[in-house]
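Analysis of the macromolecular model
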Amino acid sequence: MSVEALKEEINSLKDELSVTIVAHYYQKDEVFEIADITGDSLELAKKAKESDSQWILFCGVGFMGQSVKILAPNKRVAMPKIACCAMARMIDSTYFDESVKAMERAGIKKEDILPITYINSGAEVKAKVGQMGGAVCTSSSAVKIIEKALTSGKKILFVPDRCLGQNVARMMGLKSAVIGLDSDEDIKAADIICYNGFCSVHQLFTLKDVEFFRKRYPGIKIAVHPECDPAVCEAADFVGSTSQIIKYVKSLDPEQKVAVGTEYNLVHRLRDKNTYVLSSTKPECPTMNETSLEDVLHTLQEIKKGNPINEIFVDEETIHWARIALERMFEYVGA
Ligand code: 13P
Ligand code: SF4
């Protein structure tokens, strides 16, 4: 079937079944184009929970679909591919508990720890964070969430993205340390104690790439995602979430050159003659790229047959605590 025929079939089934299709910016162009809702992680979670449809078809990675199910447990959420974010898989509840213990070994009492989890984490980690009084954050809300968390006077345990934690600390003039890399003294002295997780896609952007583009195109702007290494973020002109990067690039004079450090599909969609990918290696998120139009159509057909596939289920207890952590994020950002 041609791309156009697939899209036509998807659109008619989606209307007939009243399914809302949600897609993250990192999806392939043809999948992104059939979505009803697009945005960064914060916008997707908010808009999907508020949609009227009973069924949400989420084109993205596991934690995104799971977050909608947690926020709106009465909705049914299916994913054309159960694709997992590699960073989200770097931590589970056992590793979370180990991180708390590592802070205790460094001399910080458990009651003096407030955990914050990046939304790129599984439901069980969000639930642990909710139980300990903490909140979820996204790349666009991290500074506000940390500001609010610090008013508790506690030490912040930030999981799982080391880079986002370190970048927020730098932007706010705070001290950070990394569990497993830094000494107990450094951990005790830090305001934000980071878990050592990372995004392999955003690790592809290096300081050498920034230097290369600055030398080759004097006056070029550099815009990067906060999952990039702190040295890269420090050298950039702009650091922001996917939506914020798009807004920034679109606000530039059309003649202004800009090199962008985030996933390839997003940058390619933005691309004109003055927009560059900040890497000589194609920065593709393998799991985001798994979803195809055929998968979307197949999932809709199975919903129609009353035989849904790849539906997201989360147990009640986990939903309860994970939802508290997610709702705290909306409360803290005033959304
Ligand atoms: P955003 O919240 O900026 O869309 O980021 C999601 C993500 O996974 C980036 O790698
Ligand atoms: Fe996860 Fe990185 Fe892919 Fe984002 S780009 S979904 S953080 S693996």
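The notes below deal with the structure included here. (Residues numbered from 1 in each chain as written. Chains lettered and ligands numbered in written order. Predicted model: local features only at pLDDT ≥ 70, side-chain atom pairs only at ≥ 80, totals over all residues. Heavy atoms only, no water.)

Observations concerning the packing of aromatic side chains
Enumeration over the complete set of coordinates arrives at six aromatic pairs. With 6.3 Å between their ring centres and 25 degrees between their planes, Phe 213 and Tyr 217 make a pair best called stacked. Across the pair, Tyr 217 and Phe 213 agree in class, each one buried. With a centroid separation of 4.4 Å and 5 degrees between ring planes, the pair formed by Phe 238 and Tyr 248 is classed as stacked. (Phe/Tyr/Trp six-rings, centres within 6.5 Å; stacked < 30°, edge-to-face > 60°. Buried < 20%, exposed > 50% of the residue type's maximum accessible area, 1.4 Å probe, protein only.)

Things to note about the site of ligand 2
Surveying the vicinity of ligand 2 reveals the residues Tyr 26, Val 61, Cys 85, Ala 86, Met 87, Asn 120, Cys 199, Val 201, His 202, Glu 227 and Cys 285. Its residues placed into classes, the shell around ligand 2 shows eight nonpolar, two polar and one charged. (Near = heavy atom within 4 Å. Nonpolar A, V, L, I, M, F, W, Y, C, P; charged D, E, K, R; others polar.)

With respect to helix H3 (residues 41-50)
For H3, every residue scored as buried is listed here: Ser 41, Leu 42, Leu 44, Ala 45 and Ala 48. In this structure, the buried side of H3 is in contact with strand S1 (19-24), strand S2 (37-39), strand S3 (55-59), helix H4 (62-71) and helix H15 (316-333). (Helix = DSSP H or I, 4+ residues; strand = E, 2+ residues; numbered from the N terminus. Contact = heavy atoms within 4.5 Å.)

Side note on the nonpolar core
In terms of nonpolar packing, the biggest core is built from 89 residues, with Phe 58, Phe 96, Met 103, Ile 116, Cys 137, Leu 157 and Ile 187 touching the most fellow members. With seven residues, the single largest contributor to this core is H15. Leu 13, Leu 57, Val 296 and Leu 300 belong to the second-largest nonpolar core, a separate cluster that totals 18 residues. (Core = buried A, V, L, I, M, F, W, Y, C linked by side-chain atoms within 4.5 Å.)

Notes on the side chain of Glu 311
The residue Glu 311 is located in the loop between helix H14 (293-304) and H15 in this model. The exposure class assigned to Glu 311 is buried, which follows from its relative accessible area of 14%. Within the structure, the side chain of Glu 311 is placed 2.9 Å from the side chain of Arg 76, a separation counted as a polar contact. If near-sequence neighbours (up to four positions away) are discounted, Glu 311 is found in contact with Trp 55, Arg 76, Val 77 and Ala 78. (Polar contact = N/O pair within 3.5 Å; in protein donor to acceptor, adjacent residues only side chain to side chain.)

As for the site of ligand 1
In the vicinity of ligand 1, the contacting residues are His 24, Tyr 26, Asp 40, Ser 41, Tyr 118, Asn 120, Ser 139, His 202, His 225, Glu 227, Ser 241 and Thr 242. Glu 227 has a polar side-chain atom sitting 2.9 Å from an oxygen atom of ligand 1. Take Thr 242: an N or O atom from its side chain is 2.6 Å from an oxygen atom of ligand 1. In isolation ligand 1 offers 300 Å² of accessible surface; the protein chains occlude 96% of this area. Considering only residue class, the shell around ligand 1 consists of two nonpolar, eight polar and two charged. (Areas by Shrake-Rupley, 256 points an atom, 1.4 Å probe, with all protein chains shown as cover.)

Remarks on H4
Among the ten residues of H4, ten are classified as buried, and the element is accordingly described as predominantly covered. Listing the buried residues of H4 in full gives Gly 62, Phe 63, Met 64, Gly 65, Gln 66, Ser 67, Val 68, Lys 69, Ile 70 and Leu 71. Those residues of H4 that are buried are in contact with S1, H3, S3, strand S4 (76-78), helix H6 (123-131) and H15.

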